[in-house]
Amino acid sequence: MANLQAGTVIVARYDVTARTQVPWGTGEAWEATDRIFSRNVLIYELSAGADSAAMDTARDIAQITQDGIIRIVDILTKDDHRYVITEKPDGTTLFGLIAGGTLSVRQARAIIGIVATTLKDTHERGYAHGSLTPAHIWLSGSRIAIHGLAARNVLGDNKALGDGAIARDIRGLAALFYFALTGIMPDYNSREPNIIPLVDALPSAEHDLKKLTTGILMGNTALIHSAEAFLSTLGPWNTDDIPFIDLQPEKLSSDSPEEPRPVVRTSTRATPSTGRAERIPGTPPVAPYKHSPEPSTTRAKIEPVTSPQTPPMIPQRTPVLSPRSAAEPDQSPPRRNRHASSTVITLVFFGLFLLGGLVWAMSTFNAPYEPAIVAPSGRPDPSVDVVAGDDDNADGSGGETAEPTTPPKVVVPVIASAKALDPQGDENEHPELEDRLVDGDSTSIWYSRTYSTPNFGNLKTGIGIEISLEEESTVSSVLVSSANTGGNIEIRATNAKNPEKGKVLAEGPLDGETQFRFDDSVDTDSLVLWFTELPVQEGQNRAFIYEISVT
């Protein structure tokens, strides 16, 4: 990776910080910071000889959005260089978890169940890991993710394994299960791994545990040859049994120095401590976890004092006046009864109030009547006077009541999907990210490719985004949430087949949260946002959009 070095900035977004070794042997990645989302990522640079199939693989794996893998978050091409950006794992590895002691059967079953479910889904898409170890299983909070599955397939590390990569994953699952229960990681690539019978390490081992560990590793369980078969034998598990990783050190006092402490494993079934600190996941490096010694933590123990020489302090009530003896006559002069005085004042007040109300009632009763309906001017409205015997409708309808009119049904526009359009190019304006345009998540982002000029390098007249609605609806405006300013967008009543046709409903530059209001509402089931000019973002000619909504 001679092209990258610490301090390099890629597409004005990724600040490269340091090189790091990948945990599956050969190869390396670069740690970087994503300026837009303020998060840490890993950057893999594809070799100059990498074919287009590697980029196709990256785009396909980027469609896998489940939490079970360390996901691909970006795919870039700059000049002759190609980059694949993934999440950076955080939390602790399975190595770090076992450093505090082996897991219970329920906890191990839940963790391996999550990993096997993830592998079942990726195997169905044709992608295996091929080199599972405890260093690839990351736990953060209640999330369990497999590191390296995306990168190994993009970098071509599994090509030599061919169809054997899936079979190796099944043996890897058995080895991880054995490791979680015993703390011993067997060499599952060996036909005769150096392991002890599970019954010796775990006397109460159930039959299915032995089948899924030593049975697979010793080649005695030929029927379990897929992740689906593994899950079927594993049986049900409870996600409440997954150990919760709390990486926030508990502070004993505000001035006590912070000390390193190992990861605390707790089951969510256990009763939480009332003094437990709020969890804030950390971000350790990709290298294997190193166990830190348990710090000495001293807590004050408070016990009641029971010394007979020191009776407990009882708060005494001190009277405002000096206490008097019951036999001592009270020689003080008689005091004025304040309660009686206040009662008299209250009665006088209410008497005056009732007298005023009576005067107002009499004056109102003797006043002439006013019309019940008045015009806006305040004068009686003569149109409401009705002459006796002449109460038919003025139009001679004879008192017939007109049927109420039913208002037309209003169909609220609901977006069904979004599609990135590049009809004059190769239809490759990051289609793997187009779902982010309408996913309701204002932090996910779609972006176009970078061009040499805002006018697409004179290669085309524009690019666009098709918005498909669930049904034909009345639309009056489009809201575009973006980090861009400038450029020009046309909102057209058309579809992907003819993106430059159709009536232009609104147009203008982007300015952050930009709402395009139509002069007249339109009934349609699709719209096209057509960029005729790209915004310029930190010297880069490209479009960034977080979310699109319609009203």
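Everything that follows concerns the structure shown earlier in this document.
For clarity, every value in this text was computed on a predicted model and none was experimentally measured.

### Digging into the sheet that holds strand 9 (residues 143-146)
- An order of 7-8-9 is seen for the three strands of this open sheet, with the pairing classed as antiparallel. Among the strands making up the open sheet, the edge pair consists of strand 7 (92-93) and strand 9.
- Bridge analysis of strand 8 (residues 137-140) against strand 9 gives four bridges, and the strand direction is antiparallel. Each residue of the ladder has a partner; that of S140, found in strand 9, is R143.

### Digging into the packing of helix 3 (residues 105-124) against helix 5 (residues 164-182)
- Two elements in contact, helix 3 and helix 5, have axes separated by 9 Å at closest approach and are oriented at 165 degrees. With respect to their mutual orientation, helix 3 and helix 5 come out roughly antiparallel. Of the two possible hands of crossing, helix 3 and helix 5 adopt the one that is right-handed. Side by side, helix 3 and helix 5 meet where V105, A108, R109, I112, V115, A116, L119 and H123 of the first sit next to I166, D169, I170, L173, L176, F177, A180 and L181 of the second.
- Classifying every residue of the contact of helix 3 with helix 5 by side-chain character gives 13 nonpolar, one polar and two charged.

### Focus: the sheet that holds strand 4 (residues 39-46)
- Taken together, six strands build an open sheet; the order of strands is 1-2-3-4-6-5 and the sheet is antiparallel. Two strands lie at the open edges of the sheet, namely strand 1 (9-10) and strand 5 (72-78), each paired on one side alone.
- Across two bridges, strand 1 lies against strand 2 (residues 14-21) in antiparallel orientation. By the bridge assignment, I10 is partnered in strand 2 with Y14.
- Where helix 1 (residues 52-62) meets the sheet, it contacts strand 4, strand 5 and strand 6 (81-87), and its direction lies at approximately 150 degrees from that of strand 5.

### Side note on the packing of aromatic side chains
- Per the counting criterion, the structure on display carries three aromatic pairs.
- Judged by centre distance (6.1 Å) and plane angle (45 degrees), the rings of Y447 and F544 are tilted. Separated by 97 residues along the polypeptide, Y447 in strand 13 (residues 446-447) and F544 in strand 18 (residues 544-550) bring together distant segments of the chain. This pair shows no difference in class: Y447 is buried, exactly as F544 is.
- Ring geometry for Y451 and F456: centres 5.5 Å apart, planes at 85 degrees, overall edge-to-face. For the pair Y451 and F456, a shared accessibility class is recorded, and that class is buried.

### Some points on the nonpolar core
- Judged by nonpolar contacts, the single largest core of 54 residues is most densely connected at I72, I137, L173, F177 and F230.
- Broken down by element, this core gets its largest block of residues, ten residues, from helix 5.
- Other than its neighbours up to four places away in sequence, I72 contacts A58, I61, A62, V84, I85, T86, A150, V154 and R436.

### A few points about unusual backbone geometry
- Residues other than glycine seldom take positive phi values, yet V11 does so here, at roughly 45 degrees.
- In this fold, V11 is placed in the loop between strand 1 and strand 2.
- Since its relative accessible area comes to 10%, V11 is described here as buried.
- Not every positive phi belongs to a glycine, and S38 is a case in point at roughly 50 degrees.
- Checked against the element boundaries, S38 lands in the loop between strand 3 (28-34) and strand 4.

### Quick word on helix 3
- Helix length check: helix 3, at 20 residues, gives a terminal C-alpha distance of 28 Å against a target of 28 Å (1.5 Å per residue), a fit within 8%.
- Once helix 3 ends, the next one or two residues include G126, with phi positive near 95 degrees.

### Overview of the environment of A135
- As for its placement among the helices and strands, A135 is situated in the loop between helix 3 and strand 8.
- Since its relative accessible area comes to 6%, A135 is described here as buried.
- The sequence separation of A135 and P23 amounts to 112 residues, and the corresponding C-alpha distance is 6.7 Å.
- Ignoring any residue separated from it by four or fewer positions in sequence, one finds A135 in contact with P23, T93 and F95.

### With respect to the pattern of salt bridges
- In the structure shown here, the tally under the stated rule is 17 salt bridges.
- Here D34 makes a salt bridge to R13, at a shortest N to O gap of 2.7 Å. Linking D34 in strand 3 with R13 in the loop between strand 1 and strand 2, this pair joins segments that are 21 residues apart in sequence.
- You can call D34 buried: its relative accessible area is 0%.
- On the basis of relative accessible area, R13 is assigned to the buried category, the value being 4%.

Parameters at a glance
- Residues numbered from 1 in each chain as written.
- Predicted model: local features only at pLDDT ≥ 70, side-chain atom pairs only at ≥ 80, totals over all residues.
- Heavy atoms only, no water.
- Pairing = 2+ DSSP bridges.
- Helix = DSSP H or I, 4+ residues; strand = E, 2+ residues; numbered from the N terminus.
- Axes fitted to C-alpha atoms, helices over the stretch in contact; angles between N-to-C directions.
- Parallel < 35°, antiparallel > 145°, perpendicular 65-115°, else oblique.
- Left-handed = near helix turned anticlockwise from the far one by under 90°.
- Contact = heavy atoms within 4.5 Å.
- Nonpolar A, V, L, I, M, F, W, Y, C, P; charged D, E, K, R; others polar.
- Phe/Tyr/Trp six-rings, centres within 6.5 Å; stacked < 30°, edge-to-face > 60°.
- Buried < 20%, exposed > 50% of the residue type's maximum accessible area, 1.4 Å probe, protein only.
- Core = buried A, V, L, I, M, F, W, Y, C linked by side-chain atoms within 4.5 Å.
- Expected span 1.5 Å × (residues − 1).
- Salt bridge = Lys/Arg side-chain N within 4 Å of Asp/Glu carboxyl O.

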